[in-house]
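Structural overview
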Amino acid sequence: MVDLSFYKDRKVFITGHTGFKGSWLSKVLINAGASVTGYSLAPATEPALFELIGIKQRMDSVFGDIRDLPSLKKAYDKVSPEIVLHLAAQPIVRDSYKDPHYTYETNVMGTVNILECIRLSNCCRSFLNVTTDKVYKNMEWEWGYRENEPLNGYDPYSNSKSCSELVTHSYTDSFFKGRQVAISTARAGNVIGGGDFANDRIIPDCIRAMQKVETIIVRNPHSTRPYQHVLEPLFAYLMVAERQYDELAKAGWYNVGPDDCDCVKTGDLVTMFCDAWGEGATWENKWDGGPHESNFLRLDSSKIKTVFGWKPIWNINEAINKTCEWAKAWLASDNVERIMDRQISAYMEGFK
């Protein structure tokens, strides 16, 4: 579905490269021989995947704030990238309730700033803005949302990503018509995988409980989400960025979610995690009455499947098994970068 040889020696600019998804994406591109530049704040967690796998020495890593346009533009202009992948964001729903101003500044003005860099230059041929499945106005439908559904996320995080989508659409219509710049957005489902240490995410919470030999606490076991391994959307992003590079008609707005069978309740996900982990792992329902979150969310990914022939490679059980494999290696002080390389290779075998 994606030919990584396309990226060999190409100049790729990633915002948010020190995050969970950004670190995996940087690793895939470095392995592919790309010339990778990342622009991001320092890692937000301790430990951090970016630090654990030591990729800083194999890429041009710039620590900076996506809200700082002069700093971002300086880093961008120095590289003159051909491909830009925008992942920088404040990504946690509950944190967006605590600090909505920072969330909107980062997620909306950050998108404006990277698009300004592209608008004021002539080097970029392919841009992808990574948003979220939560951009849609959630009607608690049992069927998946399609790309033409209304955008209106409820909470500040989700709404700010809806705004990021609209900013991208506006820039496309206002400034890039007639220019050789392909612009797309990708709305991915919930991702899991080795190296996610974020707060307030269910699988990292599970792993922290295992580290402490404690019962896993689940605050909302009945919410349904489209879960997928982190490599699923990352390879979809690379596929879109590659294909639209020479085929402008491929640019658009794409859902990237698992098949319906892998849209599961949080409680079922944790049960699968406990089964995969073993060692007597258990969980407990402790709903905490926190801020509003949608109970049911599913994506219809028919468009990306039709346009690109994309398909998910790993089902939810395989995704959980790979996550547990990485986490157990980390807890045992094993070489987690080697685990990542092995998992990337195994994932690509699924293309055949």
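Just above, that's the structure.
Rules behind the numbers
- Residues numbered from 1 in each chain as written.
- Predicted model: local features only at pLDDT ≥ 70, side-chain atom pairs only at ≥ 80, totals over all residues.
- Heavy atoms only, no water.
- Core = buried A, V, L, I, M, F, W, Y, C linked by side-chain atoms within 4.5 Å.
- Buried < 20%, exposed > 50% of the residue type's maximum accessible area, 1.4 Å probe, protein only.
- Contact = heavy atoms within 4.5 Å.
- Pairing = 2+ DSSP bridges.
- Helix = DSSP H or I, 4+ residues; strand = E, 2+ residues; numbered from the N terminus.
- Axes fitted to C-alpha atoms, helices over the stretch in contact; angles between N-to-C directions.
- Polar contact = N/O pair within 3.5 Å; in protein donor to acceptor, adjacent residues only side chain to side chain.

By size, the foremost hydrophobic cluster in this structure holds 78 residues, and its most contacted members are Tyr7, Leu29, Leu85 and Phe273. Sequence-distant contacts of Phe273, defined by excluding residues within four places in its chain, comprise Ile203, Cys206, Ile207, Met210, Ile216, Ile320 and Cys324. Counting residues in each nonpolar core, the second largest holds 22 residues, with Ile66, Val79, Ala88 and Val112 among its members.

Bringing the sheet that holds strand 4 (residues 83-86) into the picture now. One open sheet accounts for seven strands, arranged 3-2-1-4-5-6-10; its pairing is parallel. Two strands in the sheet have a free side with no partner beyond their single neighbour: strand 3 (60-63) and strand 10 (253-256). Pairs of neighbouring strands in the sheet enclose a mean axial angle of 15°, with direction left out of account. Sheet topology note: the strand 1 (residues 11-15)/strand 2 (residues 35-40) ladder contains five bridges and is parallel. Residue Lys11 lies in a different strand from strand 2, and its bridge partner there is Ser35.

With that settled, the discussion passes to the side chain of Thr132. As for its position among the elements, Thr132 is in the loop between strand 5 (126-130) and helix 6 (156-175). Of the polar contacts made by the side chain of Thr132, one reaches the side chain of Asp133; its length is 3.0 Å. Of the polar contacts made by the side chain of Thr132, one reaches the backbone nitrogen of Lys134; its length is 3.1 Å. Setting aside its immediate chain neighbours within four residues, Thr132 contacts Tyr157, Lys161, Ala186, Arg187 and Ala188.

Comment: phi is negative for the bulk of residues other than glycine, and the bulk of peptide bonds are trans. Pro47 follows Glu46 through a cis peptide bond whose omega is 5°. Within the secondary structure layout, Pro47 lies in the loop between strand 2 and helix 2 (49-52). Even without glycine at this site, Ser80 takes up a positive phi of about 50°. For Ser80, the location among the structural elements is in the loop between helix 3 (69-79) and strand 4.

That is the geometry; function is a separate question.
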